Amino acid sequence: MHAKPAPSAVHRVVAAGRRLTERWAGSPRAQDVLTALGCLALMALDLPGLAAADNSLSGPSAAVVLTLGCSTLLLRRRMPWLAYATSLLFIGWLHELTLIQFALYSVGRYRGRRAGILATLGYVAFALAVFSLPGWPEPRAETLSSFLSLVVPIGVLASAVGIAAYRHDLVRELEARRAETAVLNAVQQERTSVARDVHDFVGRELTLLTVRSEVLSVRARETAYAKDFEELADTARRAHLVLNEIIVQRGERAATPGVDGLAELARESGRAGSPVRLVMDPGAHALSPLRQAAVYRVVQECLTNAAKHAHGETIDVAIGVEGDRLRIAVSNALPARGPGRAPVSAGSGTASMAERVRSLGGALTATRGEDAYVVVATLPRG
C-alpha cells in the first residue's frame, strides 16, 4: 500500500488561489469591477477618435477621464444616479454614448421601473438637445430619423434590460421568502404536532399518576406514609400544570420579535445592570422575518450569557449588512474576578445559537480572550 504524496507548497497555493477566486468571482463587488472594466475597454476602442474629435483632451488625459467615469460604476448598486450624471456629462462634453448604456441599466436594475423610465426620458431629451447643437463629431447624424435610430434605441434597450432584471430579482426574492415561510410553517406544524403528542401521552400518564397518588394518599391517611403520598400527589399535579404551561400555551405566544425588538432588549439589559451599546446597519430592517428572528435570538442569548458571566460589564452589539452577508458581533469585557457562585446554566445556549445560525447557512464562533468574550455570527442575507 503506497501512501499518497503530500501536496507541494505550490499546489497548496494554487488551490487556495482557486478557492479565493471562485469565492470572489461570485460576489457583487467582483461583478461591479468587471462591469467597470468592460465599459472602459469598450470606450478605449474609441479613444483615438475621441481625442481627435475633442481638441481639449489628449490621448493620455482622455484615458484618465474615461477611467474616472467608469469608476462610478463601482457604486452602481448604491448610487446609480452618479454613473447616470457622469454619462450625461460625457455625452455633452465628449459625445460618448458607451457609459450611458451601463448607467441606464444600473438605474433600471437597482431603482426599478419608474426610475428607469424617468432616466431614459431624461437621457433622450438631453441627447436631443446636444444633437441639435453644432459640434457633434463626424460622422454626424444629419437627420432626426438617424438620431432616433441610433441614440434612442441605445438608452431604451439598456433601460429595458435593467428593469427586466429588477423584476426578476423581485420574483426571485419573493420565491425565496415564500420558501422560507413554507419552511417556518412546516416547522411550526411539526412542533405543534409534537406538542400535542407530548400533551396527550405524557399528560395522560401524569393524570393517572396524580389520581393514583391521591388514592394512595387517602388509603395511607392513618399511616406514617400519609404525608409522603400527599407530597407525591402535589408533585404530580404541579408537573401536569407545568406541562400545560410549556406545551399547550406555547403555541399561543407571540412570534419572535425582529430587529425592531433589539432596542427594547438592550434597555432591559441596561435596567438589569448590563448596559448595551447597540449599532445596527439600516439595511437590517430589510431582512426577511426568518433572518430577523435569528438576529434577535442570537443577541438575546449573548446578552443572557453576558449577564450571567460578566454582570455589570458593557456589552457591544453590532449588526452589519455587507453585500450578501449578514454579520452579528457581540462582545463584552470579562470581569476582573469571577462570580462568587457559578451561575445557573444548562450550558446549551451557545450550541443552540450555533445550530440556529447553521440551519440558515451561516457560521458562529465564540472566542474567549484574555480580557473579552466575543461572539461573531455570519449568515447569508435574506
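Our subject is the structure that appears above.
Residues numbered from 1 in each chain as written. Predicted model: local features only at pLDDT ≥ 70, side-chain atom pairs only at ≥ 80, totals over all residues. Heavy atoms only, no water.

Trainee: I'd like to hear about the nonpolar core, residue by residue, with values.
Mentor: Within soluble globular proteins, side chains that are nonpolar generally end up buried alongside one another. Ranked by size, the top nonpolar core spans 29 residues in total, and within it Leu262, Val295, Val299, Ile319 and Ile328 carry the most contacts. Those elements giving two or more residues to this core turn out to be helix H10 (262–271), helix H11 (289–309), strand S2 (315–322), strand S3 (325–333), helix H12 (349–359) and strand S5 (372–380). With 9 residues, H11 is the single largest residue contributor to this core. Each residue touching Ile328, except ones within four places of it in the same chain, is listed here: Val295, Val298, Val299, Ala318, Ile319, Val375, Val376, Ala377 and Leu379. Counting residues in hydrophobic clusters, the runner-up holds 27 residues, among them Leu97, Leu104, Ala115 and Val151. (Core = buried A, V, L, I, M, F, W, Y, C linked by side-chain atoms within 4.5 Å. Buried < 20%, exposed > 50% of the residue type's maximum accessible area, 1.4 Å probe, protein only. Helix = DSSP H or I, 4+ residues; strand = E, 2+ residues; numbered from the N terminus. Contact = heavy atoms within 4.5 Å.)

Trainee: Could you give an account of the packing of aromatic side chains, naming the residues involved and the relevant values?
Mentor: This model, assessed by the stated rule, comprises 1 aromatic pair. Seen in terms of ring centroids, Trp81 and Tyr84 are 5.5 Å apart; in terms of plane orientation they differ by 90°. Their pairing is edge-to-face. One end of the pair is Trp81 and the other is Tyr84, both in helix H5 (residues 80–94) and 3 residues apart, which spans about a single turn. We classify Tyr84 as buried; its relative accessible area is 8%. (Phe/Tyr/Trp six-rings, centres within 6.5 Å; stacked < 30°, edge-to-face > 60°.)

Trainee: Which residues make up the state of the cysteines, and what are the values?
Mentor: What the rule picks out here adds up to 0 disulfides. Between Cys70, a cysteine without a disulfide, and Cys39, which holds the nearest cysteine sulfur, the sulfur-to-sulfur distance is 3.7 Å. (Disulfide = S-S within 2.5 Å.)

Trainee: Which residues make up the sheet that holds strand S4 (residues 363–368), and what values go with them?
Mentor: Whether parallel or antiparallel, the strands of a sheet pair through hydrogen bonds between backbone atoms. With mixed pairing, the 5 strands of this open sheet are ordered in space as S1-S2-S3-S5-S4. Edge positions in the open sheet fall to strand S1 (276–280) and S4, since each of these has one partner strand only. For this sheet, the mean inter-axis angle between neighbouring strands, taken without regard to orientation, is 10°. As defined by bridge partners, S4 adjoins S5 across 6 bridges and the pair is classed as antiparallel. (Pairing = 2+ DSSP bridges. Axes fitted to C-alpha atoms, helices over the stretch in contact; angles between N-to-C directions.)

Trainee: Tell me about the pairing of S5, residues and numbers included.
Mentor: Pairing of S3 with S5, which is carried by 9 bridges, proceeds in the antiparallel orientation. What sits directly across from Val330, in S5, is Val375.

Trainee: Break down helix H2 (residues 28–44) for me, with residues and values.
Mentor: Between its first and last C-alpha atoms H2 spans 24 Å; for 17 residues at 1.5 Å apiece the expected length is 24 Å, and the two agree. Buried within H2 are the following residues: Ala30, Asp32, Thr35, Ala36, Cys39 and Met43. (Expected span 1.5 Å × (residues − 1).)

Trainee: Pulling in residues and values, what's your account of the pairing of S1?
Mentor: As paired strands, S1 and S2 are joined by 5 bridges and run parallel to one another. In the strand pairing of S2, Val276 is matched with Ile315. As for the winding sense of the linkage, the β-α-β connection from S1 through H11 to S2 is left-handed. (Right-handed = clockwise from strand over helix to strand, strands pointing away.)

Trainee: Can you tell me about a nonpolar patch on the surface, naming the residues and giving the values?
Mentor: Together, Ile117, Leu118 and Leu121 make up a nonpolar patch on the protein surface, roughly 300 Å² of accessible area in all. Inspection of the secondary structure assignment puts Leu118 in helix H7 (residues 113–132). Given a relative accessible area of 54%, Leu118 falls into the exposed group. (Patch = residues over 30% accessible without salt bridge, like charges linked within 9 Å, V, L, I, M, F, W, Y side chains within 5 Å. Areas by Shrake-Rupley, 256 points an atom, 1.4 Å probe, with all protein chains shown as cover. Salt bridge = Lys/Arg side-chain N within 4 Å of Asp/Glu carboxyl O.)

Trainee: Can you lay out the packing of H5 against H7 for me, pointing to particular residues and giving the numbers?
Mentor: Between two packed helices, both the angle of their axes relative to each other and the distance between the axes serve to describe the pair. Packing of H5 against H7 brings their axes to within 10 Å, and their N-to-C directions diverge by 15°. Relative to H7, H5 is oriented roughly parallel. Remark: the crossing between H5 and H7 carries right-handed chirality. Contacts between H5 and H7 involve Trp81, Tyr84, Leu88, Ile91 and Gly92 on the former and, on the latter, Ala115, Ala119, Gly122, Tyr123, Phe126 and Val130. Its residues assigned to classes, the contact of H5 with H7 comprises 9 nonpolar, 2 polar and no charged. (Parallel < 35°, antiparallel > 145°, perpendicular 65-115°, else oblique. Left-handed = near helix turned anticlockwise from the far one by under 90°. Nonpolar A, V, L, I, M, F, W, Y, C, P; charged D, E, K, R; others polar.)

Trainee: Got a sec to walk through the pattern of salt bridges? Specific residues and values, please.
Mentor: Enumeration according to the criterion identifies 8 salt bridges in this entry. One salt bridge connects Arg76 with Asp32, and the closest N-O pair in it is separated by 2.8 Å. One end of the pair, Arg76, is in the loop between helix H4 (59–71) and H5; the other, Asp32, is in helix H2, with 44 residues separating them in the sequence. On the accessibility criterion, Asp32 (3% relative accessible area) is buried. Ionic pairing is found between Arg271 and Glu264, a salt bridge with its closest N-O pair at 3.2 Å. Each of Asp32, Arg76 and Arg77 takes part in a single network of salt bridges with overlapping partners.

Trainee: Quick one: what's the story with the environment of Gln292, residue by residue and with numbers?
Mentor: The residue Gln292 is located in helix H11 in this model. Along the backbone, Gln292 and Asp260 are 32 residues apart, and their C-alpha atoms lie at a distance of 8.7 Å. At 3.0 Å, the side chain of Gln292 forms a polar contact with the backbone oxygen of Leu287. (Polar contact = N/O pair within 3.5 Å; in protein donor to acceptor, adjacent residues only side chain to side chain.)

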